[in-house]
Amino acid sequence: PIGIGQQGIMTPSVVTRVSQKIPNPTWTPTPNIRKRYAQEGVKLPIVFPAGPDNPMGLFALRLAYGSGHYLIHGTNADFGIGMRVSSGCIRLRPDDIEALFNSVSEDTRVQIVNQPVKYAIEPDGKRYLEVHQPLSRNEHDDPQTMPLPLGKALKRFINNEQSDKALIEAALRRRSGMPVLVNLGEAVEPGAVTPQKALESAQEPQATQDSAAVRKS
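If you're wondering where the values come from, they're calculated on a predicted model, not measured in any experiment.

(A) Quick look at the sheet that holds strand E10 (residues 179-181). Spatially, the three strands line up as an open sheet ordered E8-E9-E10, and their pairing is antiparallel. Strands with a single pairing partner mark the edges of an open sheet, and in this sheet they are strand E8 (117-121) and E10. Strand-to-strand twist across the sheet, computed as the mean angle between neighbouring axes with direction ignored, equals 25°. Note: strand E9 (residues 127-131) against E10, three bridges, orientation antiparallel. Paired with Glu-130 across the two strands is Pro-179, which belongs to E10.

Next comes the structure, spelled out in structure tokens:
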């Protein structure tokens, strides 16, 4: 799991590269970050020194995108992992960022995707669908009813004769974030609605509720 940019400060979906590997990073808050904290009555230091109390953790990978303000880094607060709480950077757990840091080099290609619906066909023929709640963009969006993007390749996967549409529509409605086996012939949970209704709910805007998503997809 990772932490990503909070609502209104989205982590950009881009293709970029690792421009710098930084062990024991310091943190210099940007003017905008300092301003946001000041509005909450918190005065940030000019620079946070390296160490276990640094909000960036012990390892950081600077991305070449933009002016270099976006990083993949650790954290001193695990509660932010799996949530939308950063200022656009990507946060990893200490063990995960250390493993990633040690396995990549500078100039490694980085692709950041915002893809709530994913599918896979394994070499043994097993077909999987993984559906997350899409990221809300304002406080009125309800990620459980927001429309899901269904591209041409995904529609081909859904309509393939080896895919069980009843299982697929149940996954599209549930949006559990877990991979689901959707091969034709797998057991179907009681109470599943028709495939057509599931596809319509995934493609068409629906009424929103006054709630906002804080978990990532």
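(B) How the structure looks around the packing of aromatic side chains. Inspection of every chain in the model, using the stated rule, returns four aromatic pairs. Relative to Tyr-70, the ring of Tyr-65 lies with its centre 5.8 Å away and its plane at 50°, an arrangement referred to as tilted. With 4.7 Å between their ring centres and 35° between their planes, Tyr-119 and Phe-157 make a pair best called tilted. A residue pair is termed long-range when its members are at least 10 positions apart, and Tyr-119 in strand E8 and Phe-157 in helix H3 (residues 152-159) qualify at 38 residues. You can call Tyr-119 partly exposed: its relative accessible area is 35%. Its relative accessible area of 3% is what places Phe-157 among the buried residues.

(C) Local environment of the sheet that holds strand E3 (residues 59-63). What the five strands build is an open sheet, ordered E6-E4-E3-E2-E7; its pairing is mixed. At either margin of the open sheet sits one strand with a lone partner, and together these are strand E6 (90-91) and strand E7 (109-111). In terms of strand pairing, strand E4 (residues 71-73) meets E6 through two bridges, oriented parallel. Considered in E6, the bridge of His-73 is made with Arg-91. Against the sheet, helix H2 (residues 94-103) engages strand E2 (15-23), E3 and E4, with an angle of about 60° to E3.

(D) Expanded view of a negative patch on the surface. Side chains of Asp-78, Asp-95, Asp-96 and Glu-98 sit close together on the surface and give a patch of like negative charge. Within the fold, Asp-96 resides in helix H2. Residue classification places Asp-96 among the partly exposed residues on the basis of a relative accessible area of 34%.

(E) Representation of the environment of Thr-30. Here Thr-30 lies in the loop between E2 and helix H1 (31-39). Using a relative accessible area of 22% as the deciding quantity, one classes Thr-30 as partly exposed. Once the C-alpha coordinates of Thr-30 and Ser-87 are considered, the two residues, 57 residues apart in sequence, prove to be 9.8 Å apart.

Definitions and cut-offs
Residues numbered from 1 in each chain as written. Predicted model: local features only at pLDDT ≥ 70, side-chain atom pairs only at ≥ 80, totals over all residues. Heavy atoms only, no water. Pairing = 2+ DSSP bridges. Helix = DSSP H or I, 4+ residues; strand = E, 2+ residues; numbered from the N terminus. Axes fitted to C-alpha atoms, helices over the stretch in contact; angles between N-to-C directions. Phe/Tyr/Trp six-rings, centres within 6.5 Å; stacked < 30°, edge-to-face > 60°. Buried < 20%, exposed > 50% of the residue type's maximum accessible area, 1.4 Å probe, protein only. Contact = heavy atoms within 4.5 Å. Patch = residues over 30% accessible without salt bridge, like charges linked within 9 Å, V, L, I, M, F, W, Y side chains within 5 Å. Areas by Shrake-Rupley, 256 points an atom, 1.4 Å probe, with all protein chains shown as cover. Salt bridge = Lys/Arg side-chain N within 4 Å of Asp/Glu carboxyl O. Lys, Arg positive; Asp, Glu negative; His and termini not counted. Charge placed at Lys NZ, Arg CZ, Asp CG, Glu CD.

None of the figures reported here should be taken as evidence of function without further support.
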